[in-house]
Amino acid sequence: MVKKELKKTIQDLLEQTPWSRNEQYLRNELIGRSMKIAIQNQDDENEAYLFACLYTLLLLKKTDQNTIACEIQKNSVLKKQADKIKKMVNDKKLFTKLEKDMMLGIHFSSMKTISTQIILTHNQFKNIKEIKEKIKNYTTTLLQNFQNEFQEKPEYQNLKNEFEEWQKDDLEFENRINKLLKDLKEEDKVQEKKSSKRYYTLDEYYKKTFHQKVFKVSLNAGFSCPNIQNGHGCIFCSNQSGDFAGDKKDDLITQFNTIKKKMEKKWQTNQYIAYFQVATNTYAPTKVLKEKYESVLSLPNVVGIDIATRSDAITEETLDYLEELNKKTHLTIELGLQSIHEKTLQFIHRGHTLKNFEEMVLKLKKRKIRVVVHIINGLPNETKEMMIETVKYLNDLQIDGIKIHMLSVIKNTPLETYYQKKPFHLLTKEEYIDIVCSQLEYLNPQIVIHRITGDPNKNELIAPKWLLKKFVVLNDIDKELKKRNTYQGKLVR
Ligand code: SF4
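Residues numbered from 1 in each chain as written. Predicted model: local features only at pLDDT ≥ 70, side-chain atom pairs only at ≥ 80, totals over all residues.

Quick word on the overall build of the chain
Thought 1: The helix and strand inventory of the chain stands at 20 helices and nine strands.
Thought 2: Counting the 493 residues in the chain, one finds 31% classified as buried.
Thought 3: Across the chain, contacts joining residues at least 24 apart in sequence account for 82% of those joining residues at least 6 apart. (Helix = DSSP H or I, 4+ residues; strand = E, 2+ residues; numbered from the N terminus. Buried ≥ 20, exposed ≤ 12 C-beta atoms within 10 Å, placed from the backbone. Contact = placed C-beta atoms within 7 Å.)

Given below as structure tokens:
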């Protein structure tokens, strides 16, 4: 129970701490490394994770150590536990435990010691150096005691070797981290000058999170959509969004393997996100969802799952299940919104209100589930200012990612009929680029850009045809950002 509480407090702290992108990278590196050591030493993995997180907070956020300790002290259950440990220290019992830890694995026990010290004496130590010094002194004394007692025994030599290795390794590790931090800062500066991408791409996010390229495999799980079932359907919906998704006649595993095989020929990657793309992928009983999601998650090298859905199609039961799923894998929920303007939502037959959408985002965020939102530029009667208002609103909701689309008229959709009868102005490429660049300037820099233009099927597209030149649009966005000497988040206050 205490461990669970402590874990939650530390996870909350990790969440609340503002991490730069480079720090996030280092954080994952540190946690990964600590976990590896813990597993080698056969330590409790949960406990290892917990202390690795603490260690990470300390190492990367040196000035925050008092905050960590205060947060922990605020919690009465933890305080009780801290008092118990304090008593153990006074009775010297804790040292006996630490001696045992040392025999088991010095690397990990050093983290545990640091963390325990912090919990116990949060205001006693002013900086991490002091704490580490104290631990070093303690370990040296311990070794000297062993020397007197066990000098002749082989265990002593083993322990001595291990200790010396630890000191060497610990120093090397710190040097490496410091060097890495320095290099990354330099790299940041160079990238700022050189990078043609002045926005936070999905590719960059995946590389930071998974340390290599990750490919999204689009699946068609055969779900329907409540908005179609109630007879409306979104005005632009071709009922087959996801032209590059698997074939719904195949089961999910076959779809996944077929796409993966194709991708392996093009890209060098062995990490995949299973993307439930077509229709509303939470529109079924939780039991059915569980079976479908978990069948692909059990495949090797699947590191996460993305689920595209609507804000009015997630039940409380499913939310609880998603919360659990999120603890096991990298889960992202993609919600369609398209616009924050109620008149537009009615015009496109969205079938839910902005309030409904907002409530669902808050529910997902409360459960710490990543949220990506889809918006459409160029909807009839919307001005540039209205489209910018949409992204400003999403900033406040603290979403994790965004997909920006251009409105496209697709064959056999209600929008095609409307467009033929009452042609309206579709944005030109130049207008679209101007709007997207302005939206990026107002968009929080931590929000990952999952998509910045559409990718319609050329046989289905009625207009605008410029959308077929995806790479031209992407290049022109880069050029415009450079010309304006601007970047994502420049105008965020
Ligand atoms: S929510 Fe998606 S699947 Fe449902 S009608 Fe709208 S676009 Fe089509």
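We are not done yet, so read on.
Regarding the sheet that holds strand S2 (residues 272-276)
Hydrogen bonding along the main chain pairs the strands of a sheet, whether they run parallel or antiparallel.
Thought 1: Across the sheet, seven strands lie side by side as S1-S2-S3-S4-S5-S6-S8; this open sheet has parallel pairing. With partners counted over all chains shown, the strands left at the sheet margins are strand S1 (215-219) and strand S8 (448-451), one partner each. Geometrically, the sheet is characterised by an average inter-axis angle of 25 degrees between neighbouring strands, direction not taken into account. (Pairing = 2+ DSSP bridges. Axes fitted to C-alpha atoms, helices over the stretch in contact; angles between N-to-C directions.)

A short note on the environment of Gln-439
Thought 1: Along the chain, Gln-439 turns up in helix H19 (residues 429-442).
Thought 2: Each C-alpha atom of the pair Gln-439 and Ile-404 lies 9.6 Å from the other, and the pair is 35 residues apart in sequence.
Thought 3: Filtering out sequence-adjacent residues up to four positions away, Gln-439 remains in contact with Met-387, Ile-388, Val-391 and Ile-404.

Some thoughts on the site of the ligand
Thought 1: Around the ligand lies a shell of 12 residues, among which Cys-225, Asn-227, Gly-233, Cys-234 and Cys-237 are the nearest.
Thought 2: Of the residues assigned to the shell around the ligand, the class counts are five nonpolar, six polar and one charged. (Near = placed C-beta within 6 Å. Nonpolar A, V, L, I, M, F, W, Y, C, P; charged D, E, K, R; others polar.)

Some details on the environment of Ile-253
Thought 1: Along the chain, the position of Ile-253 falls in helix H12 (residues 252-266).
Thought 2: If sequence neighbours within four positions are ignored, Ile-253 has contacts with Ser-295 and Leu-299.

Topic: the nonpolar core
Thought 1: Ranked by internal contacts, the top residues of the largest apolar core, which has 76 residues, are Ala-274, Val-373, Ile-402 and Val-436.
Thought 2: With six residues, the single largest contributor to this core is H19.
Thought 3: In contact with Ala-274, not counting residues within four places along its chain, are Val-217, Leu-219, Phe-256, Val-296, Leu-297, Val-302 and Ile-305. (Core = buried A, V, L, I, M, F, W, Y, C linked by C-beta atoms within 7 Å.)

Examining helix H13 (residues 286-297)
Thought 1: Here H13 spans 16 Å end to end across 12 residues, near enough to the 16 Å set by a 1.5 Å rise per residue.
Thought 2: The inward-facing, buried residues of H13 contact H12, S2, strand S3 (302-309) and helix H14 (316-328). (Expected span 1.5 Å × (residues − 1).)

A few points about the pairing of S2
Thought 1: By the criterion of burial, S2 is predominantly enclosed, with five of the five residues buried.
Thought 2: The side-chain alternation of S2 yields two buried faces, one formed by Tyr-272, Ala-274 and Phe-276 and the other by Ile-273 and Tyr-275.
Thought 3: Across five bridges, S1 lies against S2 in parallel orientation. Residue pairing for S2: Phe-215 is matched across the bridge by Tyr-272.
Thought 4: Relative to S3, S2 runs parallel, the two being bridged by five bridges. Paired with Tyr-272 across the strands is Val-302, a residue of S3.
Thought 5: Each parallel crossover has a hand, and for S2 linked through H13 to S3 it is right-handed. (Right-handed = clockwise from strand over helix to strand, strands pointing away.)

Quick notes on unusual backbone geometry
Thought 1: The peptide bond linking Ala-463 to Pro-464 adopts the cis configuration, its omega dihedral lying at -5 degrees.
Thought 2: Despite not being glycine, Ala-279 shows a phi value in the positive range, around 65 degrees.
Thought 3: In this structure, Ala-279 sits in the loop between S2 and H13.
Thought 4: Phi is positive for Gln-398, which is not a glycine, with a value near 55 degrees.
Thought 5: With respect to the secondary-structure elements, Gln-398 resides in the loop between helix H17 (384-396) and strand S6 (401-406).
Thought 6: Residue class for Gln-398 comes out partly exposed when judged on the 13 C-beta atoms lying within 10 Å of it.

Some details on helix H16 (residues 354-366)
Thought 1: The first and last C-alpha atoms of H16 sit 18 Å apart over 13 residues, in line with the 18 Å expected at 1.5 Å per residue.
Thought 2: Looking only at H16, the buried set comprises Phe-357, Met-360, Val-361 and Leu-364. With its buried residues spanning 100 degrees around the axis, H16 presents them on a single face. Residues of H16 that are exposed and point over 90 degrees away from its buried face: Lys-355 and Lys-366. (Arc of directions from axis to C-beta.)

Topic: the confidence of the model for the chain
Thought 1: Of all residues in the chain, 58% attain a pLDDT of 70 or more, and the chain-wide mean is 75.
Thought 2: Within the model, pLDDT remains below 50 along residues 59-79, and this stretch shows 38 contacts once partners closer than five positions in the same chain are excluded.
Thought 3: Counting contacts from residues 92-128, a segment whose pLDDT is below 50, to residues more than four positions away or on other chains yields 66 contacts. (pLDDT = per-residue confidence, 0-100.)

Some thoughts on the packing of H19 against helix H20 (residues 470-483)
Thought 1: Running from N to C, H19 and H20 point in directions that differ by 55 degrees, and their axes come no closer than 10 Å. When the interaxial angle is binned, H19 and H20 end up oblique. Considering the relative orientation of H19 and H20, their crossing is right-handed. Residue-level contacts link Lys-429, Ile-433, Val-436 and Cys-437 of H19 to Val-473, Asp-476, Ile-477, Glu-480 and Leu-481 of H20. (Parallel < 35°, antiparallel > 145°, perpendicular 65-115°, else oblique. Left-handed = near helix turned anticlockwise from the far one by under 90°.)

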